[in-house]
Amino acid sequence: MDRTAAQKRIGAAFLYPPVEPFDQRMLEVGDGHRVYVEQCGNPKGRTVLVLHGGPGGGASPAMRRYFDPKAFRVVLFDQRGCGRSRPTASVEANTTAHLISDIENIRTTLKIDDFIVFGGSWGATLALLYAEAHPERVRQLVLRGIFLATRAELDWFYGGGAGAFWPDLWKQFTSMVPEAERGNLIGAYHQRLFSGDWATEAKFARIWAHWENALASVDGDAGIAEAPAEYARTFARLENHYFQNRAFLEVDDQILRNRHRIEHIPAIIVQGRLDMVCPPATAWKLADGWAKAELRLVAAAGHALSEPPITAELLRVMNALRP
C-alpha cells in the first residue's frame, strides 16, 4: 500500500546523498513483461534488495539513499506494470507468484547468492512471501509498515475502520459510487478502474490514490497535490487488482501460517505507532513468538517511508547492518 511519488516530507538531513545507478537494465521476464532493474552503491558490497510498495508504486530515487553507498550493493526494481517496467498498468500475468518469480530471475541474472531484503507496506508483504518461498536466499529482513494482505486489514482500510477517524475523506471516497455498491468498495472501484474508458479510470484512480496518500502521514496532509493522472491510474489499477484478488494468497493467513519457514532469519520490523493504513496490531502479530524478530514501534509516526522518525529509524537499522 505505499505510494512513493511524493517524498517531500523526507528529512533530507538523515539520508545519504543522491547516488546514480552503476547499472540499469530492462529484464525480459516472460508473458510480455519487461522489468526495470537498477543497481547502485558498491558493486562488491553487501547486497540489499529493495521492494517498493503499492502494489504499483514503483521505486523512487530517494529509496537509494537509505543505504551507505560504500557498504552496500543496492538492487531496486519496478514490479510488473509500474514505474519504468512495461507494459504500463498491465494486470495480465501479474500476480504475487509472478513477482516472486521475477525476484528469482533478477537474483540469478545478477549472480547473487543471498541478500538483505528491505521492504515496506506491500513491499514487506512481498518480502515475507519471497522469504517463505526461498528462505535460503534471504540473510536478513528489514520490514516497515506491516501488511499481511488479510481480509481484516482490507476491511479496516476499505470497509470503514480507518474512515471512522477520517470521516470527511471517507465520505469523499465512498460517495464516488452508488450507495448500493458501498458494501464492497474494492469491487465497486474495480469496475470503474477497469471500465475501458481512460477518463473514468483516471478520475477514480485519483480518488483511490488520494484516500491512501492522505492517511499515510501523521500530519494528515489531506491537501496534498493530486498525483499525475497516468501515475494514479497505474497505481490504482495494480493495487486494486491485487486487493480484489486477496493478493493471490492460497489462504487468508498464509504469511503467518508459513512463518515457521523463516523463523531462523533475523528480522527487524519498523512500525509507526500511529499508522492508519497498516495498524501496529498486525506488526505485533507477525513478531509475536518469532525469537529472531525485533519489533521497533516508532512514536508519533504513521505509515509513510518519508516520515522523519521512520526514515531515521530505518537508517539506524541499515547502518548497523553494514559489513
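Preceding this section is the structure that the text describes.
Below is a short write-up of the structure. Every value quoted in this text rests on a predicted model; they were computed, and no experiment measured them.

1. Some points on the sheet that holds strand β2 (residues 33–41)
Here is step 1 of the chain: Across the sheet, 8 strands lie side by side as β1-β2-β4-β3-β5-β6-β7-β8; this open sheet has mixed pairing. Each edge of the open sheet carries a strand with a single partner, namely β1 (23–30) and β8 (293–298). The mean inter-strand angle of the sheet, taken between neighbouring strand axes irrespective of direction, is 20°.
Here is step 2 of the chain: Sheet topology places strand β3 (residues 46–51) next to strand β5 (residues 115–120); 4 bridges connect them, and they run parallel. Bridging across to β5, valine 50 finds its partner in phenylalanine 118.
Here is step 3 of the chain: Across the sheet, helix α1 (residues 96–109) lies against β1, β2, β3, β4 (72–77) and β5, angled at about 130° from β1, the strand it touches most.
Here is step 4 of the chain: The strands touched by helix α9 (residues 280–287) are β6 (138–144), β7 (267–272) and β8; relative to β7, the strand with the most contacts, the crossing angle is about 165°.

2. Re helix α7 (residues 229–244)
Here is step 1 of the chain: Helix length check: α7 (16 residues) gives 21 Å between terminal C-alpha atoms against 22 Å at 1.5 Å per residue, within 8%.
Here is step 2 of the chain: Following α7 by one or two positions, arginine 246 adopts a phi angle in the positive range, close to 50°.

3. Considering the packing of aromatic side chains
Two aromatic rings are characterised by how far apart their centres lie and by the angle between their planes.
Here is step 1 of the chain: This structure, assessed with the given rule, holds 21 aromatic pairs.
Here is step 2 of the chain: Pairing phenylalanine 173 with tyrosine 189 gives two aromatic rings, centres 4.6 Å apart and planes at 10°, and the pair type is stacked. Here the residue phenylalanine 173 occupies a position in helix α4 (residues 167–174), and tyrosine 189 occupies one in helix α5 (residues 185–193), the gap between them amounting to 16 residues.
Here is step 3 of the chain: The buried category is assigned to phenylalanine 173, whose relative accessible area is 1%.
Here is step 4 of the chain: When the centroid spacing of 5.6 Å and the interplanar angle of 55° are considered together, the rings of tyrosine 189 and tryptophan 208 count as tilted. One end of the pair, tyrosine 189, is in helix α5; the other, tryptophan 208, is in helix α6 (residues 198–215), with 19 residues separating them in the sequence. Here tyrosine 189 and tryptophan 208 have matching classes, each one buried.

4. Things to note about the nonpolar core
Here is step 1 of the chain: Counting 75 residues, the largest nonpolar core has Leu141 and Trp211 as its most contacted members.
Here is step 2 of the chain: Sequence-distant contacts of tryptophan 211, defined by excluding residues within four places in its chain, comprise Phe157, Tyr158, Ala162, Gly163, Trp166, Leu169, Trp170 and Phe173.
Here is step 3 of the chain: One finds Val48, Val50, Leu76 and Leu321 within the second-largest nonpolar core, a separate group that totals 28 residues.

5. Remarks on the state of the cysteines
Here is step 1 of the chain: Counted according to the given criterion, the structure contains 0 disulfides.
Here is step 2 of the chain: In this model cysteine 40 remains outside any disulfide bridge; the closest cysteine sulfur is found in cysteine 82, 17 Å from its own.
Here is step 3 of the chain: With a relative accessible area of 1%, cysteine 40 lands in the buried category.
Here is step 4 of the chain: With no disulfide of its own, cysteine 278 has cysteine 82 as its nearest cysteine by sulfur position, at a separation of 17 Å.
Here is step 5 of the chain: On the basis of relative accessible area, cysteine 278 is assigned to the buried category, the value being 1%.

6. Some points on the pairing of β8
Remark: a regular strand shows side chains that alternate across the two faces of the sheet.
Here is step 1 of the chain: In this structure, β7 lies alongside β8, joined through 6 bridges in parallel fashion. Directly across from isoleucine 268, in β8, lies its bridge partner glutamate 294.
Here is step 2 of the chain: Once you follow β7 into α9 and on to β8, the crossover reads as right-handed.

7. Let's talk about empty space enclosed by the protein
Here is step 1 of the chain: A complete count under the given rule lists 4 cavities of 30 Å³ or more for this structure.
Here is step 2 of the chain: Empty space within the second largest cavity amounts to approximately 80 Å³.
Here is step 3 of the chain: As for the second largest cavity, its lining consists of 12 residues, and the residues nearest its centre are Val50, Leu51, Met63, Phe118 and Leu305.
Here is step 4 of the chain: For the lining of the second largest cavity, the elements supplying multiple residues, two or more each, are β3 and β5.
Here is step 5 of the chain: In terms of residues, the lining of the second largest cavity owes the most to one element, β5, which gives 3 residues.

Calculation rules
Residues numbered from 1 in each chain as written. Predicted model: local features only at pLDDT ≥ 70, side-chain atom pairs only at ≥ 80, totals over all residues. Heavy atoms only, no water. Pairing = 2+ DSSP bridges. Helix = DSSP H or I, 4+ residues; strand = E, 2+ residues; numbered from the N terminus. Axes fitted to C-alpha atoms, helices over the stretch in contact; angles between N-to-C directions. Contact = heavy atoms within 4.5 Å. Expected span 1.5 Å × (residues − 1). Phe/Tyr/Trp six-rings, centres within 6.5 Å; stacked < 30°, edge-to-face > 60°. Buried < 20%, exposed > 50% of the residue type's maximum accessible area, 1.4 Å probe, protein only. Core = buried A, V, L, I, M, F, W, Y, C linked by side-chain atoms within 4.5 Å. Disulfide = S-S within 2.5 Å. Right-handed = clockwise from strand over helix to strand, strands pointing away. 1 Å grid on protein atoms, 1.4 Å probe; cavity = no way out; pocket = protein on both sides within 12 Å on 5 of 7 lines; lining within 4 Å. Points joined across faces, edges and corners; volume = space filled by probe spheres on them.

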